[in-house]
Amino acid sequence: MASLYFYYSAMNAGKTTSLLQTDHNYGERGMKTVLFINAIDDRYGKGLIKSRIGLQKEAVIYDANFNFYDYVKNLEGLSCVLVDEAQFLSREQVDQLGDIVDFLDIPVLTYGLRTDFQGNCFSGSERLLAIADILVELKTVCFCGKKATMNMRIDAEGNKITEGQQIDIGGNEKYISVCRKHFKTETKILR
Ligand SMILES: [Zn+2]
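Residues numbered from 1 in each chain as written. Predicted model: local features only at pLDDT ≥ 70, side-chain atom pairs only at ≥ 80, totals over all residues. Heavy atoms only, no water.

(A) Structural view of the coordination of the zinc ion. In the first shell of the zinc ion, the protein supplies C142 (SG), C144 (SG), C179 (SG) and H182 (ND1), at 2.0 to 2.4 Å from the metal. Around the zinc ion, the four donor atoms sit at angles spanning 99 to 115°, and that spread fits a shape best called tetrahedral. Written as a sequence motif, the donor arrangement for the zinc ion is C-x1-C-x34-C-x2-H. Assessed through its relative accessible area of 15%, H182 is described here as buried. (Donors = N, O, S within 2.8 Å, 3.2 Å for Na, K, Ca; no water. Tetrahedral: all angles 85-135°; square planar, octahedral: opposite > 155°, others 65-115°. Buried < 20%, exposed > 50% of the residue type's maximum accessible area, 1.4 Å probe, protein only.)

(B) Quick peek at the pairing of strand β9 (residues 150–154). For β9, the tally of buried residues reaches five of five residues, placing the bulk of the element in the interior. Both faces of β9 are covered, namely the face carrying M150, M152 and I154 and the face carrying N151 and R153. The pairing of β9 with strand β11 (residues 174–178) spans five bridges and is classified as antiparallel. Looking across to β11, one finds that N151 is bridged to S177. Pairing of β9 with strand β10 (residues 160–161), which is carried by two bridges, proceeds in the antiparallel orientation. By the bridge assignment for β10, R153 is matched with I161. In this antiparallel pair of consecutive strands, β9 and β10, the connection spans five residues, and G158 shows a positive phi of 90°. (Helix = DSSP H or I, 4+ residues; strand = E, 2+ residues; numbered from the N terminus. Pairing = 2+ DSSP bridges.)

The following block contains the structure:
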């Protein structure tokens, strides 16, 4: 029986590394996989998923109009579907991934952020938290040593940003993973 998995975490918890490691494991057993990356996050161009520790693999680029079920049902002999930056999926696309599991019997592993820089779920994360069969938290730590669950957006000078678009494309902003308490005290967003 196939399952729909959601591996979620704050920023910099090794989601992409974990995805590529899993893909590698399938490859070693001679099993065929397909990887997907969102057009928003095509950082390296031409559909390449790259981890910070140097692994990389080609991926299919999807946009808001992409239908996962229609694409995957035409692939032969597929053993696993892997989706990076799954927070950017639409609700409909998450449901299509569920259909791949239910009607094509192919496991689907998605990796993404739980919440944005204001502490709200992304569309894809919200739907995945609702319907995934298996939820797995990948952990990283706050500067205080507690588990980091929130993402703080900062600008190039290190100032915290509390307003703006949920998805920041091509800006100079960066993210720091923090625990909920320090998200509150540092940004004042949840207080
Ligand atoms: Zn903390």
